[in-house]
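# Fold and contact review
Chain by chain, the residues:
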Amino acid sequence: LDEAFIQKCREAFNTFDADGSGTIDTQEMKLLLEAIGEAPTEEELFRFMADVDEDGTGEIEFAEFLRAFEKQRGGTQEVEDEMDTLDAFVALGGNADRSGHVDT
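This write-up is about the structure you can find in this document. Remember, it's a predicted structure, so these values are computed and weren't measured experimentally.

## Points about the packing of aromatic side chains
Scanning the entire structure with this criterion turns up three aromatic pairs. Note on Phe13 and Phe65: the rings are 5.2 Å apart at their centroids and 65 degrees apart in plane angle, and the pair reads as edge-to-face. With Phe13 in helix α1 (residues 3–16) and Phe65 in helix α4 (residues 62–73), this pair connects stretches of sequence that are 52 residues apart. By relative accessible area, which is 1% here, Phe13 ends up buried. For Phe65, a relative accessible area of 4% gives the class buried. Here a set of aromatic residues connected by ring pairs shows up, and it is made of Phe13, Phe62 and Phe65.

## Looking at the nonpolar core
Among the nonpolar cores identified, the biggest contains 15 residues, and Cys9, Ile24, Met29, Ile60, Phe62 and Phe65 are the most heavily contacted of them. Of all the secondary-structure elements, those providing two or more residues to this core are α1, α2 (26–35), α3 (42–52) and α4. Counting residues per element, this core draws most heavily on α1, at four residues. The contacts of Met29, once residues within four sequence positions are left out, are Ile24, Leu45, Phe48, Met49 and Ile60.

## A look at the pattern of salt bridges
Scanning all chains against the criterion turns up three salt bridges. Salt-bridge contacts for Lys30 lead to Glu42; the nearest nitrogen and oxygen are separated by 3.6 Å. With Lys30 in helix α2 and Glu42 in helix α3, this pair connects stretches of sequence that are 12 residues apart. Between Arg67 and Glu54 there is a salt bridge whose closest N-O contact spans 2.8 Å.

Calculation criteria
- Note that residues are indexed from 1 along each chain, following the sequence as it is written.
- Restriction of local features to residues with pLDDT of at least 70 applies here, the model being predicted, together with a cutoff of 80 or more for giving and counting side-chain atom pairs; totals for whole chains, interfaces and linings are based on all residues.
- The basis for every side-chain value is the complete set of heavy atoms in the structure, and neither hydrogens nor water enter the calculation.
- Here is the rule: rings of Phe, Tyr and Trp (six-membered ring for Trp) pair when centre to centre is within 6.5 Å. Planes less than 30 degrees apart are stacked, more than 60 are edge-to-face, and the remainder are tilted.
- Labels follow the DSSP assignment, with helices taken as runs of H or I lasting at least four residues and strands as runs of E lasting at least two, numbered in each case from the N terminus.
- Only protein chains enter the accessibility calculation, which uses a 1.4 Å probe. A residue is then buried if its area is under 20% of the maximum for its type, exposed if over 50%, and partly exposed in between.
- Residues grouped as a nonpolar core are buried Ala, Val, Leu, Ile, Met, Phe, Trp, Tyr and Cys residues, joined through side-chain atoms within 4.5 Å.
- Only heavy atoms matter for contacts: two residues are in contact if any of them lie within 4.5 Å across the pair.
- A side-chain nitrogen of Lys or Arg and a carboxyl oxygen of Asp or Glu constitute a salt bridge if their distance falls within 4 Å.

In structure tokens form, the structure reads like this:
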């Protein structure tokens, strides 16, 4: 994913994260889907949330949101690789926002 696309996803995510919690809950996701012209039933919304909410919290974090978009675009491996790299960076002392450094 290029940085411009990731930034657009971040802006969309933040727009629909109405309460500023850093996650999108079921109601916020319903508003997002309606904004793009979808009219999901409660069952469809529940199924969609279950598919995207990989950690089972009932809310969608930005990483899950980004992976859902990447799956839609057909390039999940690239996102998974980037997330694995970011996880390793954080585990070695870097920050999740990609700032900081790692001493070797």
